[in-house]
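Spelled out from the first residue to the last, the chains are:
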Amino acid sequence: MEFIILHQTISDGDAIGHDIQEMYKIIKSKGINVWVFCENFLSTEDIFNLDYEILKKKIKEKSTVLIYHHSIYWKMGEEIINQSSCRLIMKYHNITPPYFFENYSENYTRLTTLGREQTKRLVRNPRFSFLSDSEYNNKELIDLGVDTEKTSILAPFHKIEILASLIKEQEEIVSLLKNNGCINVLFVGRVAPNKGHLNICHVVDSYRKFYDENIKFWIIGGYDQEVNLYNQEIENLIQTNQLVNNIIFTNKISAETLKSFFVGCDIFLCLSEHEGFGVPLIEAQFFEKPIVALNRAAVKETIGKNQIAIDQFNSDYLASVIHTIGNDQEIYDYLVLQGSNNFKSRFSLKVLKKRFEEYIDNYVRIGEYI
């Protein structure tokens, strides 16, 4: 039995790239032949990207297993699946619904529409078994007609613990955050319409209206010119409400700087409207930060029990929640403890590795009798 892991792009510093890299290492550590195949190979990790001509031969062998990471429309990927005769596993990361992009990008609306239509076609293939990042993702597959018995749930692998142990934070940034006299609120996520940046601006405005100016929201994530109208809406809202001193966009930053913000900030805020999982949420829990979140998609499921996930967006209410957490040490410590326990019990690399090893061992064992 041999494994080939597929995705359109494999890159470092990317949540799906990290998931693929760790899967590759674990399968290889078991003495099983494993490769990856992608159109865009942007990784410096020690993983082997298979030649396409060799791939076409291997997918005809019934002993081969393809692990197809599905997160985007990929024409070539579907062609590979259709040409294959081997066993198939889909790792389902979800695809953002197109309605989020309808007012901002015809291209992204088209691609997400194609991606979700592709999901409907792929799940009809009887050779697929399914691994979902979350219960939310898994339910979406079941609603499309997938047999529950063919599904399992495994959160994506990450590099949070590696980031913490091998990379040193930048003292000047940590000191700035710890000593600026403000409640420092963090959000990590690319600037996209489903990520809730406009609502973050409204919460900042409410906070200033009811409390004071001693609040800073640090928003980490790259701008995308494809949704430039969305970027302009954010900028206009900041300028109109005079929030320039309270909202700081950092764009993409280094791993050292990212760690520094997680260490130095006080609260993690997530107002995203759609997350199939949300790795920054568990990063915040690892770095012992309380989370204030909107209960959407897989967010509440990911952050776990005894955490704050609000059903309806209300900027005034959210501002009051942030003010309370930032000024009440007992509440702060309780949320940190519950979040830390959630990470350790469900999402540590040790836990995820054990679950994936058990899944692969079972898959190999069943394969011996097919």
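Residues numbered from 1 in each chain as written. Predicted model: local features only at pLDDT ≥ 70, side-chain atom pairs only at ≥ 80, totals over all residues. Heavy atoms only, no water.

Between helix α8 (residues 197–210) and helix α9 (residues 228–240), the least distance of the axes is 9 Å, while the angle of their chain directions is 5 degrees. Viewed along their axes, α8 and α9 adopt a mutual orientation that is roughly parallel. In contact with H197, L198, C201 and H202 of α8, α9 contributes Y230, E233, I234, L237 and I238. (Axes fitted to C-alpha atoms, helices over the stretch in contact; angles between N-to-C directions. Helix = DSSP H or I, 4+ residues; strand = E, 2+ residues; numbered from the N terminus. Parallel < 35°, antiparallel > 145°, perpendicular 65-115°, else oblique. Contact = heavy atoms within 4.5 Å.)

One pass over the structure, following the stated rule, counts zero disulfides. C182 provides the cysteine sulfur closest to C265, a residue in no disulfide bond, and the two sulfurs are 11 Å apart. For C265, a relative accessible area of 1% translates into the label buried. Here C270 is not disulfide-linked; the sulfur of C265 is the nearest cysteine sulfur, at 15 Å. (Disulfide = S-S within 2.5 Å. Buried < 20%, exposed > 50% of the residue type's maximum accessible area, 1.4 Å probe, protein only.)

Let's shift gears to the packing of helix α13 (residues 315–327) against helix α14 (residues 329–347). A pair of packed helices can be characterised by two numbers: the angle between their axes and the separation between those axes. The N-to-C vectors of α13 and α14 enclose an angle of 95 degrees; their axes lie 5 Å apart at closest approach. Taken together, α13 and α14 sit at an angle that is classed as roughly perpendicular. Between α13 and α14, the contacting residues are T324, I325 and N327 on the first element and Q329, I331, Y332 and L335 on the second. Here the residues of the contact of α13 with α14 sort into four nonpolar, three polar and no charged. (Nonpolar A, V, L, I, M, F, W, Y, C, P; charged D, E, K, R; others polar.)

Another aspect to go through is α13. Look at α13: 18 Å from first C-alpha to last across 13 residues, which is about the 18 Å you get at 1.5 Å a residue. All buried positions along α13 are accounted for by S315, L318, A319, V321, I322 and I325. Here the buried residues of α13 occupy an arc of 160 degrees about the axis, which is enough to place them on one side. Between the side-chain oxygen at the start of α13 and the backbone nitrogen of D316 there is a gap of 3.1 Å, and the oxygen is on N314. (Expected span 1.5 Å × (residues − 1). Arc of directions from axis to C-beta. Polar contact = N/O pair within 3.5 Å; in protein donor to acceptor, adjacent residues only side chain to side chain.)

Examined against the element boundaries, F100 turns out to sit in the loop between β6 (87–92) and α4 (106–122). C-alpha separation for the pair F100 and H274, spaced 174 residues apart in sequence, amounts to 9.2 Å.

Here the focus is the sheet that holds strand β12 (residues 267–270). As summarised here, the arrangement of the six strands in space is β11-β10-β9-β12-β13-β14, forming an open sheet in which the pairing is parallel. The strands lining the two open edges of the sheet, one partner per strand, are β11 (247–251) and β14 (308–310). Shown here is a sheet whose adjacent strand axes are inclined to one another by a mean of 20 degrees, direction ignored. For strand β13 (residues 291–294) and β14, the ladder comprises three bridges, and the chain directions are parallel. Considered in β14, the bridge of L294 is made with I310. (Pairing = 2+ DSSP bridges.)

Inspection of the secondary structure assignment puts S272 in the loop between β12 and α11 (279–286). Polar side-chain contacts of S272 include one of 3.3 Å to the backbone oxygen of H274. Within polar-contact distance, the side chain of S272 engages the side chain of E275 at 2.8 Å. Apart from residues no more than four positions distant in its own chain, S272 is found in contact with N194, K195, G196, L294 and R296.

On to the packing of aromatic side chains, then. Inspection of every chain in the model, using the stated rule, returns 18 aromatic pairs. A centroid spacing of 5.3 Å and a plane angle of 15 degrees characterise the contact between F262 and F287, whose relative ring orientation is stacked. Pair noted here: F262 is in helix α10 (residues 255–264) and F287 is in the loop between α11 and β13, with a separation of 25 residues, a long-range link. Both residues of the pair, F262 and F287, belong to the buried class. Pairwise contacts between aromatic rings join F187, F262, F268, F286, F287 and F343 into one cluster. (Phe/Tyr/Trp six-rings, centres within 6.5 Å; stacked < 30°, edge-to-face > 60°.)

In this section: the pairing of strand β7 (residues 128–132). Counting buried positions over the five residues of β7 gives five, a clear majority of the element. As defined by bridge partners, β6 adjoins β7 across five bridges and the pair is classed as parallel. Each residue of the ladder has a partner; that of I89, found in β7, is S129. Regarding topology, α4 serves as the crossover connection from β6 to the parallel β7, and that connection is right-handed. Pairing of β7 with strand β8 (residues 151–153), which is carried by three bridges, proceeds in the parallel orientation. Bridged to S132 within β8 is I153. Taken together, β7, helix α5 (residues 135–143) and β8 constitute a β-α-β crossover, and its handedness is right-handed. (Right-handed = clockwise from strand over helix to strand, strands pointing away.)

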